[in-house]
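# Descriptive analysis of the structure
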2 protein chains.
Amino acid sequence: MKVILYMAISVDGFIAKSNDDTSWISKEEWNSYSQVARNAGALVVGHRTYDILTTQPEFIELKDVKIVVVSNQKDLALKAPNHFLASSPKEALRMFEGAPEVIVAGGGILNASFMSENLVDEMYVDVEPIVFGQGISLCKGGNFEKRLTLLGTKQITDNEIQLHYKVLK
Amino acid sequence: MKVILYMAISVDGFIAKSNDDTSWISKEEWNSYSQVARNAGALVVGHRTYDILTTQPEFIELKDVKIVVVSNQKDLALKAPNHFLASSPKEALRMFEGAPEVIVAGGGILNASFMSENLVDEMYVDVEPIVFGQGISLCKGGNFEKRLTLLGTKQITDNEIQLHYKVLK
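What follows covers the confidence of the model for chain A. Looking at chain A, pLDDT values average 94 and 99% of them are 70 or higher. With a pTM of 0.95, the predicted complex shows an ipTM of 0.94.

Next up, the structure:
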């Protein structure tokens, strides 16, 4: 199973403003994100990201995607029958046994957990044309170092570029 | 005068680790950086970046580059006759009057000051193939929002890509 971290980031590496604002992420980027999720059929997110995602209209299109929410909150209200709860990154991956690809899609703390537990094989970061100084980091507060190999780049729109990396283990 | 922010960053947007470590920046990247500085002939840096830069062997090659250090420390020891002291970004730029280009080259707090004072025209970020979760942000603690236009990308080495942006004012 290939585990892929997929995120939109500002040029300065933030996935959201400090108040969780992601309104600066373009519609094209949300489309790219939901396309990747649909293709994989398997998505892992943290609790706050789950709450944010469920406010996005594109989220409705993910009805065939198995979504696992990683949270310690055992009574978390799940919003659809294809949504499941796990208490850790490793438990989440076990719930996808047999899937060829799983997309890890934030937030920053969940990303950091996956990276520091050495669970991520590839990363896609879609760089949005904005810089804002402070916010929620890609791998918030993570205490690790991972070297990467650049596998490719892709222009998403005139101003948005996707960087694709292999994580060296 | 065109003011250009030029920095190497990790994929997650850090210009240094929390302990100022920049050993993860490649030699090719330092070469690219000093080439840009030589071409412009005009460099602005903060105090800590000045201390870090002066430990780099490539720094010796910058003997024809006018370097202005922005610091409130009035007795800061400058290390060469082509180095000058300014107390603010605007004062630094006044010291370069008539120069066609000035390179703003960190650290994060200085970058944030230049960005929040709306002084930056273009940005080059050279993305190093590494992610480490926490460190000194590109525009550390900045409280601003700047939209950008992607002007181009350039492969520096197999694993390093340069993103070039215009800052919308």
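Overall, mixed pairing links the 9 strands, which are arranged 5(A)-4(A)-3(A)-6(A)-1(A)-7(A)-11(A)-10(A)-8(B) in an open sheet. Pairing within the sheet leaves two strands with one partner each, and these edge strands are strand 5 (83-86) of chain A together with strand 8 (130-131) of chain B. Both strand 1 (residues 2-9) of chain A and strand 7 (residues 122-127) of chain A contribute to a ladder of 6 bridges, which runs parallel. Residue Leu5 of chain A lies in a different strand from strand 7 of chain A, and its bridge partner there is Met123 of chain A.

Pairing between sheet strands relies on hydrogen bonds along the backbone, with the strands arranged either parallel or antiparallel. Read across the sheet, 9 strands follow the order 8(A)-10(B)-11(B)-7(B)-1(B)-6(B)-3(B)-4(B)-5(B) without closing on themselves; strand pairing throughout is mixed. Unpaired on one side and paired on the other, strand 8 (130-131) of chain A together with strand 5 (83-86) of chain B mark the two borders of the sheet.

This part is about the nonpolar core. Among the nonpolar cores identified, the biggest contains 76 residues, and Met123, Leu138 and Tyr165 of chain A together with Met123, Leu138 and Tyr165 of chain B are the most heavily contacted of them. Aside from chain neighbours lying at most four places away, what touches Met123 of chain A is Leu5, Met115, Leu138, Leu148, Leu163, His164, Tyr165 and Val167 of chain A together with Val11 and Val131 of chain B.

When chain B is brought onto chain A, the operation consists of a screw motion whose angular component is 180° and whose axial shift is 0.0 Å, with 0.0 Å RMSD remaining. What the superposition gives is, in effect, a two-fold axis relating one chain to the other. If distances are taken from each C-alpha of chain B to the rotation axis, the shortest is found for Gly13 of chain B, at 2.0 Å. A shared interface surface links the copies, since 100% of the contact residues of chain B are contact residues in chain A too.

Parameters at a glance
- Residues numbered from 1 in each chain as written.
- Chains lettered and ligands numbered in written order.
- Predicted model: local features only at pLDDT ≥ 70, side-chain atom pairs only at ≥ 80, totals over all residues.
- Heavy atoms only, no water.
- pLDDT = per-residue confidence, 0-100.
- Pairing = 2+ DSSP bridges.
- Helix = DSSP H or I, 4+ residues; strand = E, 2+ residues; numbered from the N terminus.
- Core = buried A, V, L, I, M, F, W, Y, C linked by side-chain atoms within 4.5 Å.
- Buried < 20%, exposed > 50% of the residue type's maximum accessible area, 1.4 Å probe, protein only.
- Contact = heavy atoms within 4.5 Å.
- Least-squares fit on C-alpha atoms with pLDDT ≥ 70 in both.

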